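Chain by chain, the residues:
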Amino acid sequence: MKTNLRHPEKSIAAKLIIAIGLLMLVVSFIFWYAIRMKQEKDIMSLAQKYAVSFADFTKRSTRLSMLHFEPEEIQQTLENLSTPVGVNKVSIFDHQGRISYSSATQDVGKSVDKTTIACMGCHSDPEHSAQLIPSPQEWNVYKAKGGTSLKIVRPIPNEPSCSGAPCHQHSKEEKILGFVEADLSLALLDEALLKQGLALTAYVITFVLAVSLFLGIIIYKIVSKPVQVLVDGMGKVAGGDLNHSVPINSVDEMGILASTFNSMIGDLKAARDQREKWTHMLEEEIAKKTEEIRNTHANLMQTEKLASLGRMAAGVAHEINNPLTGVVTFSHLLKKRFPPESTEAEDLNVIIEQSERCSKIIKNLLTFARATPSDKGKVNINDILNRTIFMVKNQEKFHHIKFIEKLEDEQLVVFGDASQFQQIFLNMIINAADAMNGRGNITVRTRKISEDNNDFAEIEFTDEGSGISEKDMPKLFEPFFTTKPVGKGTGLGLSVSHGIVKHIGGHIKVKSTVGKGTSFFVRLPLSE
Amino acid sequence: MKKILVIDDESIVRISCERTLAPEGYEVRVASGGREGLTFLEEETFSLVLLDLKMPDIDGIEVLNTIKAKWPQTKVVMITGYSTVDTAVQALRLGAFNFIEKPFTPDTLISAVKEIFDRMDQKPEDNTRG
């Protein structure tokens, strides 16, 4: 298609115009030729008639002078007759071919050429003049100086007034007395014919050009332009612009083509949109799944990490219990050997206390490893919270802390170990108090929430403390991770809480802003 | 004579028990594993066995089962690390009298042992604890 556009002569329009133009040229030429022939024929016929009448007029003009045999008169008349424009010469010659009179005086007395029309028009053989051609040819056209000439020969028949004239020039037996020969110029007629021919040619050329131009315009309008528009449209569509549509300006085949093309584009666009929608949906789905997998993986990693840490901690703890038993036992045994108030007894007390502390750490570790013996049942979260807060309020650590309790009116019943829950809540409250250096508000809020079609009791602990840095956030639930001063925290509180909550199908969420405070959300599955 | 057999693979635990209970008037013998313990049980009669749950040769539960089958008169108290409390509960179901968590103080051990002998004195016909 594009190749054709680069070569306009190969386009349909050009081919049509050339074909029609050629056809018109041929037809016009044939018409032109026919008209030209007809014109020539008509003009010749007119010229002949004129020549015949001129020859006859010459005959009649000289008749009287002939009858009276006045040669000078005859000569004078011929000279007079030859004066008008278009008359070359007029001659009269006898049956033997001798020119008796002529407007061209130098010809008088000469013989006519017997092979010319003057003789051969009637006689087939100049030597045998008796043999006549059945239909005599009286005229002839020949080229002369200054243009074409028409020569006509008219016989002068014998008549009684001639043979009876007193001059006795002609006998009664003679049939033909002589001939009038008129030589007429056809220059004027030729000129008229030429002008007419030129005009005709001009008309024909104008006609052919006009028709070709008109056809060209029509073809351009109804074929080339719509095709060009279609081609442009297809080019744009091929380039990816499916919003393009071809304007429909007609109801002909081009219009049908354009509307078919448009509906095709519409279908293509719909298909592409559908495909893009699917692709988009697929991408979203993939992104969603990837996120889910990433989260699951992260959770799994975290769980696995905690579990392996838990296993390790349990193993270590279990092994430490044995030597610790020895330390405790022998400290006690040794203590009995000293008086109760002695320095030795006091020192041994330190060993016993510190051993007990070790034992406590190990217990926490093992709780974290989920080996706690538990007394599970349905417990009311609000009751446990109230009890825990009541318990801590009287401690010195909490004297400058105000508890804001916003507990859900509805009973939040969870299946689990009440003492474990109390331990978790205690951990949260102690952490909150530590984060605020023992001064500020702790907000404790409970509410019922739904997550993934499961109902949870959410217990929120919000402090106004220092917040948790982003760096520390991932390590929050790891055992032995603590930001508290050495000796103050074991780094097991949150990991133990996390272990317990996980075990019963709950989870802990944290929101924290450094400098503003931290909120812990403990979510426990509600019992049915 | 109140004879007590301590079966534990950890010597410090064995020694601790011995040193705690001997001054209290109990005759204490120690075994370093389940197999050795069962041999001692074949040799003489013990009123009480302090039995560790986790041992390398024979598991505490298995030893408990054997004792319950062969010497139903002998009481068993399990000694357990914290992480094996669930197993200790299982041991109670299988007929152990009680369990003591490690690390224990001499007082805890003495009172636990004393409790058992007190009960035996009260109801000598009671072999098992429900």
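To be clear, the structure that these remarks concern was listed above.
Residues numbered from 1 in each chain as written. Chains lettered and ligands numbered in written order. Predicted model: local features only at pLDDT ≥ 70, side-chain atom pairs only at ≥ 80, totals over all residues. Heavy atoms only, no water.

Visitor: So what about the overall build of chain B? Which residues, and what values?
Guide: Across its full length, chain B carries five helices and five strands. For chain B, the N- to C-terminal ordering of α and β elements is β-α-β-α-β-α-β-α-β-α. Taken across its 130 residues, chain B has 52% of its residues classed as buried. Residue pairs at least 24 apart in sequence account for 62% of intrachain contacts in chain B once pairs closer than 6 positions are excluded. Carbon together with sulfur atoms contributes 47% to the accessible area of chain B, which is approximately 5,900 Å² in total. (Helix = DSSP H or I, 4+ residues; strand = E, 2+ residues; numbered from the N terminus. Buried < 20%, exposed > 50% of the residue type's maximum accessible area, 1.4 Å probe, protein only. Contact = heavy atoms within 4.5 Å. Areas by Shrake-Rupley, 256 points an atom, 1.4 Å probe, with all protein chains shown as cover.)

Visitor: Can you break down the nonpolar core residue by residue, with the values?
Guide: Counting 40 residues, the largest nonpolar core has Ile 381 and Phe 421 of chain A as its most contacted members. Looking at this core, the elements with two or more residues in it are helix H9 (381-393), strand S7 (401-406), helix H10 (418-435), strand S9 (440-451), strand S10 (454-462), helix H11 (493-503) and strand S12 (517-525) of chain A. Ranked by the residues each element gives to this core, the list is headed by H10 of chain A, at seven residues. When near neighbours in sequence (up to four residues on either side) are disregarded, Ile 381 of chain A contacts Leu 412, Val 414, Phe 421, Phe 425, Thr 446, Ala 457, Ile 459 and Leu 524 of chain A. Leu 38, Leu 41, Ile 58 and Met 78 of chain B belong to the second-largest nonpolar core, a separate cluster that totals 22 residues. (Core = buried A, V, L, I, M, F, W, Y, C linked by side-chain atoms within 4.5 Å.)

Visitor: So, the pairing of S12 of chain A: which residues are in play, and what are the values?
Guide: Residues and elements named next belong to chain A. Extensive coverage of S12 is indicated by the burial of eight of its nine residues. As paired elements, S10 and S12 share seven bridges and run antiparallel to each other. By the bridge assignment, Ala 457 is partnered in S12 with Leu 524. Where strand S11 (residues 507-513) and S12 come together, seven bridges link them in antiparallel fashion. Residue pairing for S12: Thr 513 is matched across the bridge by Gly 517. (Pairing = 2+ DSSP bridges.)

Visitor: Tell me about the environment of Leu 524 of chain A, residues and numbers included.
Guide: Residues and elements named next belong to chain A. Residue placement: Leu 524 occurs in strand S12. Classification of Leu 524 by relative accessible area gives buried; the value is 0%. C-alpha separation for the pair Leu 524 and Phe 456, spaced 68 residues apart in sequence, amounts to 5.3 Å. In contact with Leu 524, other than residues within four places in its own chain, are Ile 381, Val 414, Phe 421, Asp 455, Phe 456, Ala 457, Ile 459, Val 501 and Ile 504.

Visitor: Quick one: what's the story with H10 of chain A, residue by residue and with numbers?
Guide: Between its terminal C-alpha atoms H10 of chain A stretches 26 Å, which fits the 26 Å expected from 18 residues at 1.5 Å a residue. Within H10 of chain A the residues assigned to the buried category are Gln 420, Phe 421, Gln 422, Ile 424, Phe 425, Asn 427, Met 428, Ile 429, Ala 432, Ala 433 and Asp 434 of chain A. (Expected span 1.5 Å × (residues − 1).)

Visitor: Please provide a residue-by-residue account of the sheet that holds strand S3 (residues 48-52) of chain B, values included.
Guide: Residue and element names in this part refer to chain B. The parallel open sheet is built from five strands, whose spatial order is S2-S1-S3-S4-S5. At either end of the open sheet lies a strand with only one pairing partner, and these are strand S2 (27-31) and strand S5 (98-101). Taking the axes of each pair of neighbouring strands and ignoring which way they run, one obtains an average angle of 20° across the sheet. Across five bridges, S3 lies against strand S4 (residues 75-80) in parallel orientation. (Axes fitted to C-alpha atoms, helices over the stretch in contact; angles between N-to-C directions.)

Visitor: Requested: an account of the pattern of salt bridges, with residues and values cited.
Guide: Residues and elements named next belong to chain A. What the rule picks out here adds up to 27 salt bridges over all chains. A salt bridge links Asp 107 to Lys 110, with the shortest nitrogen-to-oxygen separation between them at 3.8 Å. When its relative accessible area of 44% is taken as the criterion, Lys 110 is described as partly exposed. Measuring nitrogen to oxygen at the nearest pair gives 3.9 Å for the salt bridge that ties Arg 272 to Glu 276. With Arg 272 and Glu 276 both in helix H7 (residues 253-335), this residue pair falls four residues apart, about one helical turn. Relative accessible area serves as the criterion here: at 22%, Arg 272 is assigned to the partly exposed category. Ionic contacts of the salt-bridge type, sharing partners, join the residues Arg 445, Arg 447, Glu 451, Glu 458, Glu 460 and Arg 523 into one network. (Salt bridge = Lys/Arg side-chain N within 4 Å of Asp/Glu carboxyl O.)

Visitor: Give me the side chain of Asp 183 of chain A: which residues, what numbers.
Guide: Here Asp 183 of chain A lies in strand S5 (residues 176-185). Of the side chains with opposite charge, Lys 151 of chain A lies nearest to the buried Asp 183 of chain A, which makes no salt bridge, at 4.4 Å. (Lys, Arg positive; Asp, Glu negative; His and termini not counted.)

Visitor: Before we move on, could you go through the side chain of Asp 52 of chain B and cite the residues and values that matter?
Guide: Positionally, Asp 52 of chain B belongs in strand S3. Residues contacting Asp 52 of chain B, with those up to four places away along its chain left out, are Ile 7, Asp 8, Asp 9, Gly 60, Ile 79 and Lys 102 of chain B.

Visitor: Mind laying out the environment of Ser 28 of chain A, listing which residues take part and the relevant values?
Guide: Residue and element names in this part refer to chain A. Summarising the element assignment, Ser 28 is placed in helix H2 (residues 12-67). Look at Ser 28 and you get buried, because its relative accessible area is 9%. Here the alpha-carbon distance between Ser 28 and Thr 201, two residues 173 residues apart in the chain, equals 9.2 Å. Leave out the neighbours within four places in its chain, and Ser 28 touches Val 204, Phe 207 and Val 208.

Visitor: Summarise the pairing of S5 of chain A; cite the residues concerned and give the values.
Guide: Residue and element names in this part refer to chain A. Across the 10 residues of S5, eight count as buried, placing the element largely inside the fold. Taken together, the seven bridges between strand S1 (residues 87-94) and S5 define a ladder with antiparallel strand orientation. The partner of Ser 91 across the bridge, within S5, is Glu 181. Here nine bridges tie strand S4 (residues 147-157) to S5, and the two strands are oriented antiparallel to one another. If you follow Ile 156 over to S5, its bridge partner there is Gly 178.

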